[in-house]
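One letter stands for each residue in the lines below.
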Amino acid sequence: RTVLEDHIRSDMSWFFKQWVYGVDIPEYTFSYDYKKTADGKYRVTCHIKQENVPEDFMMVVPLGIYFDDGKFAYKKIWVNKPKQDIELPLLPLEPKNIIFNANGAVLCNVINK
């Protein structure tokens, strides 16, 4: 832990508590909606429910945001509450799909709504 914290210059006690000493695997229920803004961009709100873990459980989870013509973007979000809505930065294109936990980066179960 000391080597990691020295390298990234951040307290990682939460990570060790959850993933080294803990045994809980989070379950996330994910959905999103979006609206086109007056200036032609897209405002996306992600709705996330985190279950089967302690209330103080937190994790950085990657989103895969996919557009037409093979374009995509990745965004990391902090999930640190049992239920939360997260507004993404305005998108320049209409999202065709948003994948929570892109590429299976986090050990968890995901339910897409």
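The structure under discussion appears in the preceding block.
Procedures and definitions
Residues numbered from 1 in each chain as written. Predicted model: local features only at pLDDT ≥ 70, side-chain atom pairs only at ≥ 80, totals over all residues. Heavy atoms only, no water. Pairing = 2+ DSSP bridges. Helix = DSSP H or I, 4+ residues; strand = E, 2+ residues; numbered from the N terminus. Axes fitted to C-alpha atoms, helices over the stretch in contact; angles between N-to-C directions. Buried < 20%, exposed > 50% of the residue type's maximum accessible area, 1.4 Å probe, protein only.

S.K.: Could you clarify how one ought to interpret the sheet that holds strand 7 (residues 109-112) in this entry?
M.R.: Whether parallel or antiparallel, the strands of a sheet pair through hydrogen bonds between backbone atoms. The sheet built from 4 strands is open, its strands ordered 5-2-1-7 with mixed pairing. In this open sheet, the two edge strands, each paired with only one partner strand, are strand 5 (83-87) and strand 7. Strand-to-strand twist in this sheet, taken as the mean axis angle between neighbours without regard to direction, amounts to 25 degrees. Taken together, the 4 bridges between strand 1 (residues 27-36) and strand 7 define a ladder with parallel strand orientation.

S.K.: In this structure, what is going on with the environment of M59? I would like to understand it.
M.R.: Locating M59 in the fold gives a position in strand 3 (residues 59-66). With a relative accessible area of 11%, M59 lands in the buried category. A sequence separation of 17 residues divides M59 from K76, and the C-alpha atoms of the two residues are 9.9 Å apart.

S.K.: Mind showing me how you'd approach the sheet that holds strand 6 (residues 97-100) here?
M.R.: Sheet architecture is open: 3 strands sit in the order 4-3-6, paired in antiparallel fashion. Of all the strands in the sheet, the pair left with one neighbour each is strand 4 (72-79) and strand 6. Across this sheet, the average inter-strand angle for adjacent strands is 25 degrees, counted without regard to direction. Pairing analysis gives 8 bridges linking strand 3 to strand 4, with the strands arranged antiparallel. The residue bridging L63 from the neighbouring strand is K75, located in strand 4.

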